[in-house]
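# Structural overview for review
Here is what each chain is made of, one letter per residue.
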Amino acid sequence: MDFPNFSLTDKVVLLTGGDKGIGQGIAVAMANAGANVAFTTRHLARAEETTQMIQDLGRTPMPLELDVTQVKSIRPVVEQAVERFGRIDILVNNAGYNVPLDPFDITEDVWDGLYDTNVKGLFFVSQAVGKVMAEQGGGKIVSIASQAGFVAMPKRVMYCSTKAAVIHITRVLAFEWAPLNILVNAVAPTFVRTPLTAPMLDDPDFAKYVDDMILLGRLGTPQDVAGAVIYLASSAADMVTGQTLLVDGGWTIH
């Protein structure tokens with residue numbers, strides 16, 4: 001009898017935005033599961049901590065400098081990872097950010113910046129890696145969406161709509177690429193304390209709102225998210241594609 005296997009031993013991962021926060025947590029957890037991890041950062045000087053953490057687990061890191069909004073730079077970075085490791089088994093689309101604003105205060109530049117990273121950059125990284133996976137006979141793509149892609153939230157019309165787009169891009173690419181043995185899924189976390197979310201979560205009124213909504217009574221952690229990513233990236237999820245796994249502590253069920 002074959003039992004589910006959650007190991008990533010000797011798999012090659014490419015992860016965007018791996019120098020801090022959720023991305024760093026995922027990168028290190030995947031290394032702990034046995035993977036070698038190429039990860040991107042906008043500034044290589046910020047990659048030292050993640051690099052060392054992966055090395056300490058006995059796996060091979062490869063920091064790569066990439067701004068996903070610069071579409072022409074995506075393919076050369078993907079090619080560097082393939083040249084180093086020979087293939088890419090798993091892509092984790094993690095790069096993204098949020099700018100909470102009242103709808104009346106949103107400018108075109110802020111709107112475009114968020115969409116360029118959270119949606120356009122994610123798609124074109126997926127396209128570049130998807131071509132590699134098609135040539136090698138398959139692979140797995142896991143994108144980091146958000147509970148905000150499922151529900152309305154205050155001052156988040158931009159973020160909610162970008163993450164809803166990620167969820168539907170996931171469905172459509174899964175549909176398009178299933179014949180190529182490329183499985184495409186997403187993970188949708190609740191709030192996780194990171195350097196990016198700390199200012200919001202330190203606001204007493206917003207912190208109370210979050211506490212009231214998360215039924216399990218605590219914020220998420222990077223490892224809560226990483227556990228879902230590892231499942232979807234592993235052979236245990238070989239029959240799962242086009243799905244978004246909520247890791248929200250019960251937020252979206254009420």
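Quick caveat, the model's predicted, so the values are computed rather than measured.

### Focus on the overall build of the protein chain
- If you tally the helices and strands in the protein chain, you get eight helices and seven strands.
- The C-alpha radius of gyration of the protein chain comes to 17 Å, within 12% of the 18 Å expected for a compact globule of 254 residues.
- On the principal axes, the C-alpha backbone points of the protein chain span a range of 50 × 45 × 40 Å.
- Across the 254 residues of the protein chain, 50% fall into the buried class.
- Sequence separation of at least 24 residues holds for 73% of the intrachain contacts in the protein chain that already meet a minimum separation of 6.
- Positive and negative side-chain charges in the protein chain, numbering 19 and 27 respectively, have mean positions lying 3 Å apart.

### Remarks on the nonpolar core
- In terms of nonpolar packing, the biggest core is built from 34 residues, with Leu14, Val78 and Val129 touching the most fellow members.
- Among the secondary structure elements, those contributing two or more residues to this core are strand S1 (12-15), strand S3 (61-65), helix H3 (74-85), helix H4 (108-136), helix H5 (157-177) and strand S6 (182-189).
- When residues in this core are grouped by element, the largest group, seven residues, is from H4.
- With sequence-adjacent residues up to four places away left out, Val129 is seen in contact with Leu14, Val78, Ile88 and Leu91.

### Notes on helix H2 (residues 48-56)
- Residues of H2 that are buried: Thr50, Thr51 and Ile54. Down the axis of H2, the smallest arc covering the buried residues is 100°, so these residues share one side. Of the exposed residues in H2, the ones pointing more than 90 degrees away from its buried face are Glu48, Glu49 and Asp56.
- Buried residues along H2 sit against helix H1 (21-32), strand S2 (36-41) and S3.
- Immediately downstream of H2, the backbone of Gly58 shows phi near 80°, a positive value.

### Thoughts on helix H7 (residues 204-213)
- Turning to H7, its buried residues are Phe206, Val210 and Met213. Each buried residue of H7 sits inside an arc of 70° when the element is viewed along its axis, so together they form one side. Those residues of H7 that are exposed and angled more than 90 degrees off the buried face are Pro204, Asp205, Lys208 and Asp211.
- Those residues of H7 hidden inside the fold are in contact with helix H6 (198-201).

Quick notes on the rules
- Residues numbered from 1 in each chain as written.
- Predicted model: local features only at pLDDT ≥ 70, side-chain atom pairs only at ≥ 80, totals over all residues.
- Heavy atoms only, no water.
- Helix = DSSP H or I, 4+ residues; strand = E, 2+ residues; numbered from the N terminus.
- Rg over C-alpha atoms; globule rule 2.2 N^0.38 Å.
- Buried < 20%, exposed > 50% of the residue type's maximum accessible area, 1.4 Å probe, protein only.
- Contact = heavy atoms within 4.5 Å.
- Lys, Arg positive; Asp, Glu negative; His and termini not counted.
- Charge placed at Lys NZ, Arg CZ, Asp CG, Glu CD.
- Core = buried A, V, L, I, M, F, W, Y, C linked by side-chain atoms within 4.5 Å.
- Arc of directions from axis to C-beta.

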